[in-house]
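Chain and residue survey
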Amino acid sequence: MIDTEILQGFCEETQTLLDQLTEITDEFEETNDVKLLENFGQVIDRIMGAAYTLELQEIGRFCELGKKIGYKASQATDQKLIELAGPILADTTEILQAMVSGLIKKETVPAQEALNAFRDRLRWFLEKFQDIERATTDS
Amino acid sequence: MNNQFIPIRLSTLQPDIPLGFLLLLKVNNQYIKYILPEDPIDKPRYENLRSKKVKKVYIQSKDERLYQRFIDKCLNFDENSDVQEMTRVVAGIAADSIESIYAEPDSMYALAHSEKAANSILNATKLNPEVLKELFNLESEDDISINCAICTCSTAIALARYIKLDEELVKNIATASLLCDISLPRLHANYQTFFTKELSDFTEEELQAYKEHPTRSAEFLQSIPGINSIVLGIIANHEEKISGKGFPRGTKKLTMEEKIVSLSNRYALSIIGHKIPKEQVFKDLFINEIGSYDLELMNILKKLLEA
């Protein structure tokens, strides 16, 4: 059981990062600049780290998938896939938003069926970048 | 977020392709059904949502795989996609719409169905002109009247675009081509045979019904809000010939769009209905029908089909 104060701190910190993710996906929608997808990967990586530290496995796994998509899409050359990455990462941000809110207000947490379905979408989409090996931008 | 729905972005949906899943809008915290699984999100609705800055729409979580399938279809639906697959999709959308039109020709939705089918052909053929060639010689399991309508429509689009008619007029031509024969199922029980036999083999009763169909098709549609006189004119005159030997009126005065559909209708009937080889169709046209159809259009069609 996580201490309420720590949980509150995680939610507040994560909210700021989720707002950044929303800004990134909004800007991507306007520009299709792949650099933004890399930024997305960096920001969501911070949420992932904190979530795994607090053993919030489900949130951590979603972030991990989002991070991989962000990084891989930023290195992709298929324009259609790149363009599709933005909207899918925007949906990821929304789902994460609901999951994080659900840590405090249980009624907002998405149903397990919805989470499973969305995880399936992220995995399906990630598979489209299988020719790109690196899931980070580190060389 | 209601916990059984998951978000998708409007920008991931391609207009005019049937969704295959239920699409919902969120209005005042309520999820309302917006597009049914069998329908596409048509361009005007799509643009309307975009103009209202709607970015998110929703699906039921159980439909996630269907959404993925739709995206896969859209990812492949470009100029590099397999022409036959694209043709199959387009012809499928058109066939569904025409079936609905034939089931209820006097329904106020007949025009909307036809526009939907026409748009799907227009968009796909703009994206990849090769699709038109496939549609010219469509062989599908749909009934012959549907295949004839699709062939007439695609032939007419090709001719209209070749002579650089305004795209709005091309849309009218495409819409009308699909509606030309909508009265036939109401005029005669065996109307399908009209597509396969020569006029000389018609019984008197059949001939009467057949000669009536252009006028009756136009009559079915004339009270539908939004129908325009160009579409009605094309339908009413699609069996006319510039020689005056067509029917029902035997008029020689045809507009360019009417001439296009008249020739396209004749070509589709020969190829799809009578199963006459393409080369033979042109032989017949240039020997037996000189003066019946616009010579320049006949030459263009021949050129397009030989290309």
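Anyway, here's the lowdown on the structure attached to this text. Here the structure is a predicted model, which means the values were calculated and not measured.

All names here are of chain B. In the structure shown here, the tally under the stated rule is 13 aromatic pairs over all chains. Site record: aromatic cluster; members linked through ring pairs are F194, F202, Y210 and F247. A cation sits over an aromatic face here: R45 above Y34, 4.8 Å from the ring centre. The lysine or arginine in question, K197, covers the ring of F202, its NZ or CZ lying 5.6 Å from the ring centre.

Next up on the list: the environment of E99 of chain B. Mapped onto the elements of the fold, E99 of chain B is located in helix α3 (residues 83-103). Each C-alpha atom, one on E99 of chain B and one on S145 of chain B, is 9.6 Å from the other, the two residues being 46 residues apart in sequence.

So, about a negative patch on the surface. Residues and elements named next belong to chain A. On the surface, a cluster of negative charge is contributed by D19, E23, E27, E30 and D33. Residue placement: E30 occurs in helix α1 (residues 4-31). According to the relative accessible area criterion, E30 is exposed, its value standing at 65%.

What follows deals with the side chain of S264 of chain B. Relative to the helices and strands, S264 of chain B is located in helix α11 (residues 256-273). Residue contacts for S264 of chain B: discarding those within four places in its chain leaves T152, T155, A156 and L159 of chain B.

Quick look at the interface of chain B and chain A now. Contacts between the two partners involve 24 residues from chain B, matched on the other side by 24 residues from chain A. Between chain B and chain A, the buried area comes to about 2000 Å², and carbon and sulfur atoms account for 54% of it. Taken together, chain B and chain A are joined by 8 salt bridges. Across the salt bridge formed by R121 of chain A and E64 of chain B, the nearest N and O atoms sit 2.8 Å from each other. The interface formed by chain B and chain A contains 12 residue pairs in polar contact (both at pLDDT 80 or more). When contributions to the side of chain B that touches chain A are tallied by element, the ones reaching two or more residues are β1 (5-9), β4 (56-60) and α2 (64-76) of chain B. Classifying every residue of the side of chain B that touches chain A gives 11 nonpolar, 5 polar and 8 charged.

Before going further, it helps to spend a moment on unusual backbone geometry. Residues and elements named next belong to chain B. In this structure, P248 follows F247 across a cis peptide bond, with omega equal to 10°. By the element assignment, P248 lies in the loop between α10 (229-236) and α11. A positive phi angle, near 50°, is found at N28, a position not held by glycine. Position of N28 among the secondary structure elements: in the loop between β2 (23-27) and β3 (30-35). Positive phi, close to 60°, is recorded for K164, a residue that is not glycine. Summarising the element assignment, K164 is placed in the loop between α6 (144-162) and α7 (167-179).

Rules and cut-offs
- Residues numbered from 1 in each chain as written.
- Chains lettered and ligands numbered in written order.
- Predicted model: local features only at pLDDT ≥ 70, side-chain atom pairs only at ≥ 80, totals over all residues.
- Heavy atoms only, no water.
- Phe/Tyr/Trp six-rings, centres within 6.5 Å; stacked < 30°, edge-to-face > 60°.
- Lys NZ or Arg CZ within 6 Å of the ring centre and 35° of its normal.
- Helix = DSSP H or I, 4+ residues; strand = E, 2+ residues; numbered from the N terminus.
- Patch = residues over 30% accessible without salt bridge, like charges linked within 9 Å, V, L, I, M, F, W, Y side chains within 5 Å.
- Areas by Shrake-Rupley, 256 points an atom, 1.4 Å probe, with all protein chains shown as cover.
- Salt bridge = Lys/Arg side-chain N within 4 Å of Asp/Glu carboxyl O.
- Lys, Arg positive; Asp, Glu negative; His and termini not counted.
- Charge placed at Lys NZ, Arg CZ, Asp CG, Glu CD.
- Buried < 20%, exposed > 50% of the residue type's maximum accessible area, 1.4 Å probe, protein only.
- Contact = heavy atoms within 4.5 Å.
- Buried area = accessible area lost by both parts, 1.4 Å probe.
- Polar contact = N/O pair within 3.5 Å; in protein donor to acceptor, adjacent residues only side chain to side chain.
- Nonpolar A, V, L, I, M, F, W, Y, C, P; charged D, E, K, R; others polar.

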